[in-house]
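Chain by chain, the residues run as shown.
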Amino acid sequence: MQWSLSQVELEYYRYENNLLMAQESPEDSLDELRRSFDVFFSRIRIVKSGDAYSSIHDEPQIAEALNSVSTYLESAARLMDGDDQTLVAALPTLLSNARALHAQLRAISLRGIMVSAARSDQQREDISHTLLRLAAGTLFLIFALTALLLWLIHLTRLNARREQQLKRSSQQTEAIVATSLDAVIVANRCGQIIEFNGAAEQIFGYARAEAIGQPMQELIIPDDLRARHKGAMERYLRTGEKRFLGAGRIRLRAKRKSGAVFPVEVSVSSVLAGKDEIFVSYIRDITKSLEHEEALQRARDDALVGERAKTQFLAVMSHEMRTPLNGLLGTLELMDDTALTPQQRKYLDTMRVSGRLLLHHVNDVLQISRSDSGTETLSEAPFDIDTTVAEIVESQRALAHRNGNIIRTERIGALPRAVSGDERKLRQILLNLVGNAVKFTTDGTITIEIERVGQIRGAAMIEFRVIDSGIGIAEADLTRIFDDFVTLDTTYGRRAEGTGLGLGIARRYAEAMGGEIGVESEEGEGCAFWLRVPLTEVTKAAATEPAQVPVPRVAAKPLDILIVEDNEINRFVLRELLHKMGHRVDEAHNGRDGVNKAASRHYDVIFMDVSMPQMDGFEATHAIRSGNGPSHATRIVAVTAHALPTEVALFEAAGMNDWVIKPVSRQKLQALFGAPPTATARKATGAAPRTLDHDALQELRDSLPEGSFAKLLRGFMEETDAAIAALPDRVSASETPEVVSLIHQTAGACGTFGAERLRKALSGIETRCKAGETVEIDGKLSPIWNETREALQPQL
Ligand code: ADP
């Protein structure tokens, strides 16, 4: 453009020059003139109307110049296109007009060039801006592209990793499915098998290739279950109701390729694989485990039957063993009254000790089997804790003394005197504990502590502690000694014979009573067994209320007695004992015979065995009572192996007045009839009691193994020394209950050793205390004891 504008002036000069030349020699220069005019003309036209020059048209100076030049050119063009003559004539005008335009042409050139230069600059600047923007854009684009690239790389890696994971997990799944011990069968919604693993091949007998594509229903479902399966599947597809699906393991049956039907455990779940639902079944062949289960069940049933049979056998055997044993013990007692050499008496003693031990064991076994068979019930009757404990202590005192032991009772704090509970069980537990303490302690102390330790559901929680200073128990054995048949061999060697059932029974009874039992001990340091049982507190009146209507005791005169007993030995023992006591005895061999005999004449007492064949004691008693015979109101004494509370109630209901527990002994009969004639006679005289009952002392000496009497007596004397010294001046049951208990114990011991006067004095104090009196002792007992002591001295 700039070039064109600069050409405008040049072409003008060329035109002006040609005008001059045409004036000089028109014939040679006219053509050249016309050519230069045309060039000039077209140049001006281009500048005036070319789009490229539009920017300079806006300049008023240029626009005006262009117009003037165009006007000139228009008019000149007509001359140029005319004939030569006219043109030559017009040459001077043309020249002068052209020269007049020169300044404007120059303006066009210069101004045009300036404007276009400015425009070019502007454009360059614009371009440079554009280029800068472009560069910035490009840079941004490069950044964006780089980020995109990085993101794409990241995505690609992620994808690759996911793909890897997917591949790995699908390989794992495949491996799991392939190696699973359960058959894994996958089916589609049409029921066609799409996966069939190795275990499925083994279990069902089809190769994978054979199974794939087959309808599952026909391949593995037994014919009789097919309709059910089809129905369930259709229902699910229709309603979405699930029965088997997701219901865990279900026991069903399946069919092998061979057609054999076998038990399986199946769990089916439905899974979405993409858009398709598939059903995955895990199937386990349980043929073997069912067989094992059945075998186990059979073995358990057999074992249970065996166990029941054993318990039954034990119960029957121990029960049956008691009858002959009772016979033996009774006969031994009879033999005692015959003339015997000292040697024979010693043998007899040994036999009696062994017999009693055997009876004890048999009773243990019977109690355990009864407890385990669930026939043992809990009874509830009022009783006096102190009396129960005192009786247990009394029964063990002689044995304790024989081992050189001191045995004492300590009541701690306020205790309910009268309680209600199963006294027989409590007695048995305490007897076992005290018995053990006596057995495993020599030259030591046995303390029975009683304390109220809390309240539970309206009952007082009473803790009994039997503490001894004996051989103790190693820590490792502390819990197992409560198991059955556990007896410990101590470093001291076996001290005592035992079945190992005593603590087992104690534990069972404690639990049955809602209590607990336990022990604390250190080897060589003695034991502290504790028993915690809930006992309901009752008023004293309820506790002392007689359990049955008192029947007048028969006077100690010769009586007419009927024995109804099927066992010959028992009959013999009872008859002999009664004969010896001076009574007249008739015998009946069974219940019916007894009823007949009772109907034929009057008897003062009837001894009625409880269990007899054909007609038992209850029936026979009932028959006698309901008849009008001469003995219908006679006192009837049940002879029984055990007087459980439930049985006692039955005796009473049947009309029996009393009961005696086998083995029947002279003492038991004496207790039943009142004091023996000799004692009665003594009492009847009303004379002051003797200091020492030599008969009683002799009886004790006879009943003990040789040598132990002196030891025992010494123990008694030491204990009584201590007791008398410990007595305060005043005693009362409310303020010094432990002293009353000490008095009670000492009185008992005096009875055993024939210390009659002291016993009487102590019993008198005890009775008055229990009646609520405060008794002044004031050293009154010491002289009696000193006198007794002196009398006893020669016996040592
Ligand atoms: P056993 O009939 O043998 O006495 P138990 O069940 O009563 O049976 O006792 C089990 C064992 O516990 C006993 O053999 C004895 O080893 C141990 N034992 C029980 N009481 C005591 C005790 N007071 N001192 C030491 N050991 C005891």
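Note that this is a predicted model, so its numbers are computed, not measured.

**Regarding a nonpolar patch on the surface**
A cluster of nonpolar side chains, Leu141, Leu145, Leu148, Trp151, Leu152 and Leu155, forms an exposed patch at the surface whose accessible area comes to about 580 Å². Checked against the element boundaries, leucine 152 lands in helix α5 (residues 84–179). The exposure class of leucine 152 is partly exposed, given its relative accessible area of 44%.

**Thoughts on the site of the ligand**
Taken together, 20 residues sit near the ligand, with Asn436, Lys439, Asp468, Thr487 and Leu503 positioned nearest. Here an oxygen atom of the ligand and a backbone polar atom of glycine 502 are 3.3 Å apart. Residue leucine 503 places a main-chain N or O atom 2.8 Å away from an oxygen atom belonging to the ligand. Considering the ligand on its own, with 530 Å² of exposed area, one finds that the protein chains cover 97% of that surface. For the shell around the ligand, the secondary structure elements donating two or more residues are α13 (423–439), α14 (502–512) and β12 (527–537). Residues belonging to the shell around the ligand are distributed by class as follows: 11 nonpolar, seven polar and two charged.

**Some words on the nonpolar core**
The tendency in soluble globular proteins is for nonpolar side chains to be buried side by side. Counting residues in hydrophobic clusters, the biggest one holds 45 residues, and the most contacted among them are Phe464 and Leu535. Mapped by element, the contributors of at least two residues to this core are α11 (342–372), α12 (385–402), α13, β9 (445–456), β10 (459–468), α14, β11 (516–521) and β12. The dominant element in this core, judged by the number of residues it contributes, is α13, at seven residues. Once residues lying within four places of it in the same chain are set aside, the contact partners of phenylalanine 464 are Ile385, Val389, Leu426, Leu430, Glu449, Ile450, Phe529, Trp530, Leu531, Val533 and Leu535. In terms of nonpolar packing, the next biggest core, distinct from the first, is built from 33 residues, Tyr12, Val47, Leu101 and Ile108 among them.

**A word on the UniProt feature "modified residue: Phosphohistidine" (unreviewed entry) in the chain**
This chain's UniProt record puts "modified residue: Phosphohistidine" (unreviewed entry) on His744. Along the polypeptide, histidine 744 turns up in helix α24 (residues 737–752).

**Concerning the confidence of the model for the chain**
Residues with a pLDDT of 70 or more make up 93% of the chain, whose mean pLDDT is 84. The element-level mean pLDDT for the chain is lowest in helix α21 (residues 677–685), coming to 34, with β11 highest at 95. For the stretch residues 541–555, pLDDT sits under 50, and the model shows 20 contacts to residues farther than four places along the chain or on other chains. Segment residues 675–687: pLDDT under 50, and seven contacts once partners within four positions in sequence are set aside and those in other chains are kept.

**Quick look at the pairing of β12**
A regular strand carries its side chains on alternate faces of the sheet. As judged from the two bridges shared by strand β8 (residues 418–421) and β12, these two strands associate in the antiparallel manner. Each residue of the ladder has a partner; that of serine 420, found in β12, is threonine 536. Bridging between β10 and β12 involves eight bridges; their strand directions are antiparallel. Across the sheet, the residue bridging to methionine 461 is proline 534, located in β12. Pairing between β11 and β12: six bridges, direction antiparallel. Each bridged residue has a counterpart across the sheet, and for glycine 518 the counterpart in β12 is tryptophan 530. Following β11, the chain reverses through five residues before pairing antiparallel with β12; glycine 524 in that reversal takes a positive phi of roughly 85°.

**A look at the layout of surface pockets**
Space left empty within the atom packing is revealed by a probe, the size of a water molecule, rolled over the atoms. Its boundaries defined by the atoms lining it, the second largest pocket holds a volume of some 670 Å³. Along its surface, the second largest pocket is lined by 34 residues, and Met216, Ile221, His229, Met233 and Phe244 are the ones closest to its centre. Of all the secondary structure elements, the ones that give two or more residues to the lining of the second largest pocket are β1 (183–188), α8 (216–220), α9 (223–239), β3 (250–255), β4 (261–273) and β5 (276–285). Of all the elements, α9 adds the most residues to the lining of the second largest pocket, at nine residues.

**Here we look at the pattern of salt bridges**
Tallied over the entire structure, the rule returns 54 salt bridges. Where arginine 111 meets glutamate 59, a salt bridge forms, and the shortest distance between an N and an O atom there is 3.0 Å. Here glutamate 59 lies in the loop between α3 (54–57) and α4 (60–81) and arginine 111 lies in helix α5, a separation of 52 residues in the sequence. Assessed through its relative accessible area of 25%, arginine 111 is described here as partly exposed. On the basis of relative accessibility, which here comes to 22%, the residue glutamate 59 falls in the partly exposed class. Among the ionic contacts, a cluster of salt bridges with common partners joins Asp182, Arg249, Arg251, Glu265, Arg284 and Glu293.

**Concerning the UniProt feature "transmembrane region" (unreviewed entry) in the chain**
Per the UniProt record, "transmembrane region" (unreviewed entry) is found at residues 131–153. Within residues 131–153, the helical portion is 100% and the strand portion 0%, while the C-alpha atoms at the span's ends are 31 Å from each other.

Cut-offs and rules
- Residues numbered from 1 in each chain as written.
- Predicted model: local features only at pLDDT ≥ 70, side-chain atom pairs only at ≥ 80, totals over all residues.
- Heavy atoms only, no water.
- Patch = residues over 30% accessible without salt bridge, like charges linked within 9 Å, V, L, I, M, F, W, Y side chains within 5 Å.
- Areas by Shrake-Rupley, 256 points an atom, 1.4 Å probe, with all protein chains shown as cover.
- Salt bridge = Lys/Arg side-chain N within 4 Å of Asp/Glu carboxyl O.
- Helix = DSSP H or I, 4+ residues; strand = E, 2+ residues; numbered from the N terminus.
- Buried < 20%, exposed > 50% of the residue type's maximum accessible area, 1.4 Å probe, protein only.
- Near = heavy atom within 4 Å.
- Polar contact = N/O pair within 3.5 Å; in protein donor to acceptor, adjacent residues only side chain to side chain.
- Nonpolar A, V, L, I, M, F, W, Y, C, P; charged D, E, K, R; others polar.
- Core = buried A, V, L, I, M, F, W, Y, C linked by side-chain atoms within 4.5 Å.
- Contact = heavy atoms within 4.5 Å.
- UniProt positions renumbered as here; feature names shortened; annotations may be inferred.
- pLDDT = per-residue confidence, 0-100.
- Pairing = 2+ DSSP bridges.
- 1 Å grid on protein atoms, 1.4 Å probe; cavity = no way out; pocket = protein on both sides within 12 Å on 5 of 7 lines; lining within 4 Å.
- Points joined across faces, edges and corners; volume = space filled by probe spheres on them.

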